[in-house]
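Chains, contacts and geometry: an overview
Spelled out from the first residue to the last, the chains are:
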Amino acid sequence: MSRRSLLGRTAAVAAGATALTATAAGTAAAATTRDVDVAIVGGGLAGLTAARDLVAAGRTVAVLEARDRVGGRVVNLPLANGGVTEGGGEFIGPTQDRIKALADSLGVATFATYNTGKNLLYKDGKKTPYATDGLLGSVPPVDVAGLANAAIVQASLDDMAKQVPVDAPWTAAKAAEWDKQTFESWLNANAVVPSAKFLLDVACTSIFSAEPRELSLLFVLFYIAAAGNASTPGTLERLTETANGAQELRFVGGSQLVPIRLAATLGDRVVQNAPVRTIARSGAKYVVTADGITVTAKRVVVAVPPPLAARIQYDPLLPAARDQLTQRLPMASVGKAIAIYDTPFWRADGLNGQVVSDTGVISSTFDNSPPDASYGALMGFIEADEARKLDAASEAEVRAAVLKDYVTYFGEKAASPSSFVLQRWNNEAYTRGGPVSIAAPGVLTQYGPALRAPVGGIHWAGTETSLYWMGFMDGAVRSGERVAKEVLAAL
Ligand SMILES: Cc1cc2nc3c(=O)[nH]c(=O)nc-3n(C[C@H](O)[C@H](O)[C@H](O)COP(=O)(O)OP(=O)(O)OC[C@H]3O[C@@H](n4cnc5c(N)ncnc54)[C@H](O)[C@@H]3O)c2cc1C
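All values reported here derive from a predicted model rather than from experimental measurement. (Residues numbered from 1 in each chain as written. Predicted model: local features only at pLDDT ≥ 70, side-chain atom pairs only at ≥ 80, totals over all residues. Heavy atoms only, no water.)

Next up on the list: unusual backbone geometry. Omega for the bond connecting Asp-315 with Pro-316 falls within 30 degrees of zero, at 0°, which places this linkage in the cis form. Look at the link from Gly-434 to Pro-435: it is a cis peptide, with omega at 5°. You will see that Thr-95, though not glycine, has its phi angle at about 75°, which is positive. Owing to a relative accessible area of 11%, Thr-95 belongs among the buried residues under this scheme. (Buried < 20%, exposed > 50% of the residue type's maximum accessible area, 1.4 Å probe, protein only.)

Structural data, given as structure tokens:
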């Protein structure tokens with residue numbers, strides 16, 4: 001805990017603003033108070049974007065961020081060699097127009113994700129490098145029957161997704177039918193060739209970091225529908241691809257440069273180390289109490305993932321539908337492991353660093369080296385069941401398991417990285433999983449309308465509330481822009 005946050009907590013307790021107990025002696029100071037038009041809970045891309053637009057419209061804001069940094073699920077991790085790598089959101093791609101526009105406005109440049117050379121399929125103990133410029137694109141070359149079945153399944157999913165309105169998936173003509181089954185049960189009936197099921201399972205865990213059994217089919221269809229923009233319908237392929245897909249581009253200097261620069265434009269309107277504990281109505285206003293600071297505001301924007309929003313106390317209570325919705329949108333389970341090498345040695349072997357595997361802790365990897373390739377970085381996702389298995393493991397245990405997989409895929413040179421960075425989102429207090437909240441059967445049709453509906457003067461933002469690119473940085477930015485308009489219309 002930083003000194004500043006410790007002092008903040010002590011002050012909050014002294015002022016009776018929270019029920020927290022100070023864990024160490026500190027000088028009790030009066031809790032800071034502010035009076036603004038809009039209090040914003042959460043300094044991720046959504047909250048910061050909302051703040052930018054509200055300030056541009058002449059409104060006063062305070063952004064209360066729990067962590068000692070901005071960016072939330074987007075974080076740059078410093079490396080021993082002086083570089084940075086990304087522990088959370090990293091890639092952007094076509095139709096993700098709003099994150100791109102934001103980055104452009106802040107002078108954060110993009111570069112192409114390394115995609116030269118062959119992908120690697122590791123299946124049934126066998127390594128198969130494969131080119132991605134053929135008819136199949138990056139689809140791993142399983143047996144012909146499996147490929148044919150997977151192609152039909154993919155086309156069906158895209159067709160069904162076209163019938164899902166992104167602003168109200170629960171109103172789709174077949175919403176009830178699609179929301180009463182898991183993606184797993186649908187796949188079992190449709191991906192009948194085992195290798196096709198393997199391809200769809202891998203796609204599912206790499207997109208959601210959740211197992212197919214955890215997801216409602218309707219939710220999966222909505223997610224596909226949302227992988228586009230108002231003029232370009234979403235497709236499964238855009239979610240999974242590197243070239244022409246969601247993994248196409250990266251940010252020079254690391255993705256967290258975007259929220260860091262955005263927060264800098266907002267100055268001391270952004271308050272860090274300020275986890276919000278309560279939001280209470282007081283006459284025509286709201287009193288938002290965080291550790292060390294109390295903000296009075298006409299409107300409140302809550303820009304945190306739904307399960308985190310449920311940990312704030314509301315007075316008066318939220319409507320049951322809203323609370324029960326947030327009880328039913330858990331975070332998926334994810335970690336990232338990045339091994340740093342003197343060179344991206346796999347490139348010399350004709351590999352692009354992208355693996356699809358049916359085994360191991362890491363079943364999906366990327367070449368995360370910097371644009372000048374001055375060192376090599378192999379990034380692997382730890383997803384779903386694999387992430388949960390390792391939640392309580394030591395960093396040394398995770399490192400050993402990850403490097404074992406990297407050696408299997410890329411050879412002995414992978415055994416000895418110069419450094420190793422691990423980011424485990426399930427263990428992060430103010431995220432508790434990732435990349436996104438997920439919905440099991442019955443949630444969207446029963447509770448969907450409560451996702452964005454304001455409750456009095458409290459408005460909801462965050463990538464989970466976006467019509468397009470829900471679950472992505474682009475969705476976070478879009479949600480911030482939408483909520484700012486909503487609040488401005490209401491003020
Ligand atoms: C491992 C991983 C990989 C990902 N990969 C990609 C990718 O390649 N491309 C992509 O586009 N997206 C990716 N994402 C998703 C992307 O990072 C998120 O969709 C996006 O950053 C969400 O932004 P947000 O502002 O909606 O929420 P968040 O970033 O979660 O921001 C919410 C903020 O609220 C704060 N907070 C929480 N509770 C409180 C409280 N009580 N009081 C005050 N503050 C609070 C948090 O600290 C956080 O800063 C990935 C995410 C993860 C975890």
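From this point on, the discussion continues.
Let us look at the domain arrangement of the protein. Taken domain by domain, the protein comprises domain 1 (3-72 + 255-318 + 455-490), domain 2 (110-114 + 333-427) and domain 3 (141-240). In this structure, domain 2 and domain 3 have C-alpha centres spaced 27 Å apart. Domain 2 puts 11 residues into the contact, and the matching count from domain 3 is 9 residues. Here domain 2 meets domain 3 over a buried area of about 720 Å², counting both sides, of which 49% is carbon and sulfur. Together, Glu-383, Ala-384 and Asp-385 form the three largest contributors to the area buried by domain 2 at its contact with domain 3, with a combined 46%. (Domains from an automatic or database assignment. Contact = heavy atoms within 4.5 Å. Buried area = accessible area lost by both parts, 1.4 Å probe.)

A few words on empty space enclosed by the protein. It is the rolling of a water-molecule-sized probe over the atoms that shows where space remains empty. Inspection of the entire model under this criterion finds 4 cavities of 30 Å³ or more. In this model, the largest cavity occupies a volume close to 120 Å³. Surrounding the largest cavity, 15 residues form its lining, Phe-222, Leu-444, Leu-451, Glu-464 and Met-470 being those nearest its centre. Looking at side-chain class alone, the lining of the largest cavity contains 11 nonpolar, 1 polar and 3 charged residues. Both domains that furnish three or more residues to the lining of the largest cavity are identified here as domain 1 (3-72 + 255-318 + 455-490) and domain 3 (141-240). Size it by volume and the second largest cavity reaches roughly 60 Å³. Put simply, the parts of the chain that give the lining of the second largest cavity at least two residues each are α7 (194-208), α8 (217-225) and α9 (236-240). In terms of residue count, the dominant contributor to the lining of the second largest cavity is α7 (5 residues). Within the lining of the second largest cavity, the residues separate by chemical class into 11 nonpolar, no polar and no charged. (1 Å grid on protein atoms, 1.4 Å probe; cavity = no way out; pocket = protein on both sides within 12 Å on 5 of 7 lines; lining within 4 Å. Points joined across faces, edges and corners; volume = space filled by probe spheres on them. Nonpolar A, V, L, I, M, F, W, Y, C, P; charged D, E, K, R; others polar. Helix = DSSP H or I, 4+ residues; strand = E, 2+ residues; numbered from the N terminus.)

Under the counting rule described, the total for this entry stands at 15 aromatic pairs. When the ring of Phe-208 is compared with that of Tyr-223, the centres are 4.6 Å apart and the planes differ by 50°; the resulting orientation is tilted. With Phe-208 in helix α7 and Tyr-223 in helix α8, this pair connects stretches of sequence that are 15 residues apart. A residue is classified by how much of its surface remains accessible, and Phe-208, at 2% relative accessible area, is buried. Overall, the relative accessible area of 2% leaves Tyr-223 in the buried class. Each ring, one from Tyr-409 and one from Phe-410, has its centre 6.5 Å from the other, and the planes form 90°; the classification is edge-to-face. One aromatic cluster is present, formed by Tyr-122, Tyr-341, Phe-345, Trp-346, Tyr-409 and Phe-410 through successive ring pairs. A cation over an aromatic ring shows up here: Lys-123 above the ring of Phe-198, its NZ or CZ 5.2 Å from the ring centre. Its guanidinium or amino end placed over the ring of Trp-460, Arg-322 lies 3.6 Å from that ring's centre, counting from NZ or CZ. (Phe/Tyr/Trp six-rings, centres within 6.5 Å; stacked < 30°, edge-to-face > 60°. Lys NZ or Arg CZ within 6 Å of the ring centre and 35° of its normal.)

For Lys-413, the location among the structural elements is in the loop between α14 (395-410) and β18 (419-424). With 67 residues separating them in the primary sequence, Lys-413 and Trp-346 have C-alpha atoms 9.0 Å apart. Here Lys-413 is in contact with Tyr-341 and Phe-345, once residues within four sequence places are set aside.

Time to look at the UniProt feature "domain: Amine oxidase" (unreviewed entry) in the protein. UniProt marks residues 45-488 with the feature "domain: Amine oxidase" (unreviewed entry), using the numbering shown here. Across residues 45-488, helical content stands at 33% and strand content at 21%; the span's end C-alpha atoms are separated by 19 Å. (UniProt positions renumbered as here; feature names shortened; annotations may be inferred.)

Moving on, we come to the nonpolar core. Leu-157, Phe-183, Phe-208, Leu-215, Phe-219, Tyr-223 and Leu-239 are the most contacted members of the largest nonpolar core, which has 59 residues in total. Secondary structure elements with two or more residues in this core: α4 (144-162), α5 (175-179), α6 (183-190), α7, α8, α9 and α15 (443-447). In terms of residues, this core owes the most to one element, α8, which gives 9 residues. If we ignore the near neighbours within four places in the chain, the residues touching Leu-157 are Phe-183, Trp-186, Leu-200, Leu-217, Leu-221, Ile-224 and Leu-236. (Core = buried A, V, L, I, M, F, W, Y, C linked by side-chain atoms within 4.5 Å.)

Turning next to the environment of Glu-481. With respect to the secondary-structure elements, Glu-481 resides in helix α16 (residues 473-490). Take Glu-481: its relative accessible area is 11%, and that puts it in the buried class. With 433 residues separating them in the primary sequence, Glu-481 and Leu-48 have C-alpha atoms 9.8 Å apart. Within the local environment of Glu-481, its side chain forms a polar contact with the side chain of Arg-52, the two groups lying 3.1 Å apart. At a separation of 2.9 Å, a polar atom in the side chain of Glu-481 contacts the side chain of Arg-98. (Polar contact = N/O pair within 3.5 Å; in protein donor to acceptor, adjacent residues only side chain to side chain.)

Let us look at the site of the ligand. Every one of the 36 residues lining the ligand counts as a neighbour, but Glu-65, Arg-67, Arg-73, Thr-463 and Met-473 are closest to it. In the environment of the ligand, an oxygen atom lies 3.2 Å from a nitrogen or oxygen atom belonging to the backbone of Leu-45. Take Phe-91: an N or O atom from its main chain is 2.8 Å from a nitrogen atom of the ligand. Contact with the protein chains removes 97% of the 1000 Å² of surface that the ligand exposes when unbound. Secondary structure elements with two or more residues in the shell around the ligand: α2 (45-56) and α16. (Near = heavy atom within 4 Å. Areas by Shrake-Rupley, 256 points an atom, 1.4 Å probe, with all protein chains shown as cover.)

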